[in-house]
Structures are given as structure tokens and as C-alpha cells.
Amino acid sequence: MFWGWGSAFAFSGSDSLAPMLTHSLGGDIALDSAGWSVGAGVEPLLALGARQSPLFSGSGGWGGTALLEVRGQDEAEKWEVHVKGQYRRIPGVSGPWHELAYTWGVFDGWGRANTPNLTSVGATRLEGLVAYQISPSISLQAGQLARHWGHGWRSVWMDQAAAPLPQLALQVDGGRVRYEHLIAAKRQWFEGSPPDVPGTDPNAWAPWQYAERNRSFLAAHSVSADLGRGFEGTLFGAVTWLAVDSGIPFRLEPAYFVPFVAFRPTEYRLGSADNALVGLEGAWHSPDRRWSLSSQWLFDEWVTREVFSDRGWWANKWATVHTVHHRGDVWHAVLERCAARPYTYSHVVEETAWTHDRSPLAHPLGANFIEWRVHGIATWDRVRLSIGATHVRQGVDDVQAALEGGRSIISAADPNASTSLGTSPLLSYTLRPVQDGVGELFGEVVTTWRGFADVEWAHERFGYGRLFMRAAGRWAEAGEGVWWGRLEFGLRVQPALEERDW
């Protein structure tokens, strides 16, 4: 058993989730061959308010993160349990993001949220799994966690920035061929009415306290094969369906539970209104594994004559990410381009869209964007330096909110909107204003430049903590420009969050 601790002092509204290119929960707990281990950490944070033109984005205050992590496994290494709970209090949150937490009780895929005061957000994130190793090559998992499928920093299938999903998973590792099959429950939030309880004031209830929730389901699977000479190919398929449909109050489709079955033909055969997605990825690794190239694609619709026509049919929905990695003895560098065409991931209703807890399951920008990313991470003994920048062009429904939030705030999409430019998967594609003339970007475009640098120094005297200093800034424009910046430093246990500048 161990106990970790940390503290932090910051001139900022929040940290931001630096992707850890892994499919696991992460964490710093070392587990013996059998038994249990427990870790806990507390990281106090003082924020003085992020600078944003033309005014401060919000006042500062105290915040921080509390963590509890438990792991255990039996002597035969057949069973494993891993649970990780975090509570993050984020001070100095800007107006649009604070309004999101107040209205819906969820926060940008990070977790369930509330608003303890007018400038802070409290967010709780719980992940965990129970795994059983059936054989050396087959395992079963049950739990709640976010997965990252793909070789890129971002994924257009399932991205680690998404909210954790309750799920069952089957994993098969045949050496040169690997397969994963996932069944999960999604949650959608809708406007409700305050409870009509005698003696209570309806105005005292926050909207998230009486928001209504609906369930839907998804199935996803991928199969990867080593093709030789460093090449790897992966096929992806997914389908989402309504929990209540055609008079059936709890609709589970047994056909989607069958491994290795193509979902798209199955969906056609069922004659349902389910939303099917398909994708593929190719990757190459150099013999010394220092260089890797990958290209990932997702298709939400495919009509060949429309794809190769020039009329810009709205339903030509696709997303892609192309990544170059270099891993040296000191430096790890990433160059990446990611794009998603308007209306990708959306469907007739929100329940069958590729979302959960009012956030995308894939790239957190949703759709209708082009993003370039460069990122470098260097490690010298106890010192770790991370620097990066992104350039995003995105067509948005609400320009002012995108300027203030640094990007289109998908979770804040208006459920009563009369039109949709195809940015938020939460909005039905039936709200499209046109049938044709939809380009790679659609609507009024907001351009955002973002840069960040993070340096940390570890020493045994700090236990599990690391001294760090982090600077981040952005410039967003659509006719007018809005800038934002912050500087933070202190002592932390958990990795820095990525460029989520709330």
C-alpha cells in the first residue's frame, strides 16, 4: 500500500488532459503478483483568474484534485480489479463553461459536475473495471472507462477525452491478429421541469438537478492484423440503437452481441433506424520502432456517386486523422492533421448519435473542423518538457460562444435549435438548412491558434509529486479576435490535462 500527495499554485482557471497514449486507466500504482494496493492523492490549486480579452474570464480561488485508486488481482492472475475516482474542483471557470455545468451537470467529457459558486466547477470522474482472463489469449472486462482506439494523438473512432462508458468488452489477442468487441450504454440529457413539491421554491433548483436522462446502447468492434514489414491494418465497425423503440421498453439486439459479425449488413437486415459507422486504419512502424505513420478513417455514410460528385451533398459524412510519430532517446514528437466533415456522428435523434453525457465519443471538437497539431515531449533524467501547438478552423453555430470558449462547446448545444451547421453531433441532421453545397467546412468559421508548454521535475524527496510550471495561451478570431492566457506552477501527482482551457 502507498499514499501519494501533491499540491499546486496556479495563475489559471484550470489544468488541461494530456493524452496518455494507452487503453488503460493509467495511474502510478505498482501491483504485486497478488493482493491489493491503494493510492490516494490531494493536489491543492490556487488560481488567480485566467487573462482574457477584453476582460478577465473569471475570478480566481482555491481548487484542486482528490484521487483514490484501488487495484487488486489474485495469485493466478486470472482476476483483476481496478477502480479510480477523482474529484476536481476547477476555480475561475469562464462564463460559457460554467453555464454548461450549471445547466446539464456534466463537464466536457470529464465527469459529472456541479457549480459550488459563481466562478467554480466541481467535476467527479469515476472509472473502473473487473477483468477475467479466460485463457492466455482471451479476456472479459466489465466496468466504466474511456477507451482510445487508434495510433493517433486523437481518434475519430473512440477518443480518451470522451466521458467514461458503462460497458462489457471481449478482447482476443492472437499474436498477429487482435480483436476487441464492446457493448456499452450511453446516456443523453434533456430539459426537464422542477419537481412540484409543496413548500419548495422551483427557482432554487439548478437545471441539472431536474434534467431528464434517456438511455441508448452501442456496439463497437475492431480487428487488427500485423501485415509484415512493419505494416498494420485495422477495421472498425460500430452501431448505436435506441433503448426504447417500436413499443419495446428495453431493446437489446442479440445480433450486435455476436463477435466478428459486420454491423452494417446486420442493421439493414433488422430494418431498424440504427446508426451504423465503419472505419479503417493503416499504420507503419520502422524496424527500430522510432518512426511510425498512421492514417485513420471513419465513414458515417457512403454513396459513391455523391462522394465523387461536386455538388457537396450533406450526407457525405466522414472523419480522418493522419499522424507522424518520432520516438527518440530524448524526444518524442507528433505531427497530426485531423478533420471531420459537417454532420458526421449525428443522426435523426440524439440517442443514436455518437455521443455520451453530452460530449462526443470521438474527437472532442465534434465535426465541421480541420485541426493541425504539433507536439514534442522531451525527458532528461528527472526533467520532462512538453511543448505543443494546435491550429483549428471550425464552422460553428454560435460564434461568440466559440470565441469565448476557445472552440465550439459541443455540450452546450441548444436542444431547441431550429437549424444545425453539422458541428455538434447532439443536434439532429434533420435541422440542416441545405441539401447541397456543404463543403469541408460549413457556416461561419472560427480560427483558433493555441500554444502550451509544460516542464516538470521529479525528485524522491517529493514522493509521488513533481514540481511543474505550465504556460498556455490562445488567439481565436472570426472577424474579431479574442485572446486568452495563463501561467501556473506548483507540485502535482496526476499528469497535466490537455489543452482544455476552460
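Here goes a summary of the coordinates provided. (Residues numbered from 1 in each chain as written. Predicted model: local features only at pLDDT ≥ 70, side-chain atom pairs only at ≥ 80, totals over all residues. Heavy atoms only, no water.)

A look at the overall build of the chain
Then comes step 1: For the chain, the helix and strand inventory stands at five helices and 23 strands.
Then comes step 2: Sorting the 502 residues of the chain into buried and exposed places 53% on the buried side.
Then comes step 3: Here the chain displays about 21,400 Å² of accessible surface, and carbon together with sulfur accounts for 60% of that area. (Helix = DSSP H or I, 4+ residues; strand = E, 2+ residues; numbered from the N terminus. Buried < 20%, exposed > 50% of the residue type's maximum accessible area, 1.4 Å probe, protein only. Areas by Shrake-Rupley, 256 points an atom, 1.4 Å probe, with all protein chains shown as cover.)

Description of a nonpolar patch on the surface
Then comes step 1: Judged by side-chain polarity, Trp 291, Leu 293, Val 324, Leu 335, Trp 372 and Val 374 come together as a nonpolar surface patch covering roughly 540 Å² of accessible area.
Then comes step 2: Listed by contribution, the elements that provide at least two residues to the nonpolar patch are β14 (291-299) and β19 (369-380).
Then comes step 3: With respect to the helices and strands, Val 324 occurs in strand β15 (residues 318-327). (Patch = residues over 30% accessible without salt bridge, like charges linked within 9 Å, V, L, I, M, F, W, Y side chains within 5 Å. Salt bridge = Lys/Arg side-chain N within 4 Å of Asp/Glu carboxyl O.)

Thoughts on the packing of aromatic side chains
Then comes step 1: Summed over the entire model, instances satisfying the criterion amount to 14 aromatic pairs.
Then comes step 2: Measuring from ring centre to ring centre gives 6.4 Å for Trp 331 and Trp 380, while their planes differ by 90°; the resulting arrangement is edge-to-face. Taken together, the residues Trp 331 in strand β16 (residues 331-340) and Trp 380 in strand β19 connect sequence positions 49 residues apart.
Then comes step 3: The class for Trp 380 is partly exposed, based on a relative accessible area of 40%.
Then comes step 4: Aromatic ring contacts, followed pair by pair, group Phe 217, Trp 241, Tyr 256 and Phe 263 into a single cluster.
Then comes step 5: Between Arg 492 and the ring centre of Phe 468, over which it is positioned, the NZ or CZ distance is 4.1 Å. (Phe/Tyr/Trp six-rings, centres within 6.5 Å; stacked < 30°, edge-to-face > 60°. Lys NZ or Arg CZ within 6 Å of the ring centre and 35° of its normal.)

Observations regarding unusual backbone geometry
Then comes step 1: Notably, Phe 260 is not glycine yet its phi reads approximately 65°, a positive angle.
Then comes step 2: Relative to the helices and strands, Phe 260 resides in the loop between β12 (231-242) and α3 (263-270).
Then comes step 3: What makes Phe 260 exposed here is its relative accessible area of 57%.
Then comes step 4: Residues other than glycine seldom take positive phi values, yet Asp 381 does so here, at roughly 50°.

Points about the pairing of strand β7 (residues 121-135)
Along a regular strand, successive side chains alternate from one face of the sheet to the other.
Then comes step 1: Bridge analysis of strand β5 (residues 79-90) against β7 gives twelve bridges, and the strand direction is antiparallel. Bridged to Lys 84 within β7 is Glu 127.
Then comes step 2: Sheet topology places strand β6 (residues 112-114) next to β7; three bridges connect them, and they run antiparallel. Bridge pairing links Arg 112 to Thr 124 in β7. (Pairing = 2+ DSSP bridges.)

Thoughts on the pattern of salt bridges
Then comes step 1: Tallied over the entire structure, the rule returns 19 salt bridges.
Then comes step 2: Between Glu 180 and Arg 147 there is a salt bridge, with its nearest N and O atoms 2.7 Å apart. Here Arg 147 lies in the loop between β8 (138-145) and β9 (165-173) and Glu 180 lies in strand β10 (residues 177-190), a separation of 33 residues in the sequence. Exposure class is identical for Glu 180 and Arg 147. Each is buried.
Then comes step 3: Arg 337 is the salt-bridge partner of Glu 440, the closest N and O atoms lying 3.8 Å from each other. Of this pair, Glu 440 sits in the loop between α5 (399-405) and β21 (445-458) while Arg 337 sits in strand β16, and the two are 103 residues apart along the sequence.
Then comes step 4: Looking at Glu 440, the relative accessible area reads 34%, which means it is partly exposed.
Then comes step 5: When salt bridges with common partners are traced through the structure, they connect Asp 454, Glu 456, Arg 466, Arg 470 and Arg 492 into a single cluster.

Topic: the environment of Gly 481
Then comes step 1: Within the secondary structure, Gly 481 sits in strand β23 (residues 480-492).
Then comes step 2: Assessed through its relative accessible area of 30%, Gly 481 is described here as partly exposed.
Then comes step 3: Once the C-alpha coordinates of Gly 481 and Thr 447 are considered, the two residues, 34 residues apart in sequence, prove to be 9.3 Å apart.

Observations regarding helix α1 (residues 95-104)
Then comes step 1: Burial runs high along α1: seven of the ten residues are buried.
Then comes step 2: The secondary structure elements touched by the buried residues of α1 are β6, β7, β10, α2 (207-210) and α5.
Then comes step 3: With its phi angle positive at about 70°, Gly 105 sits one or two positions after the end of α1. (Contact = heavy atoms within 4.5 Å.)

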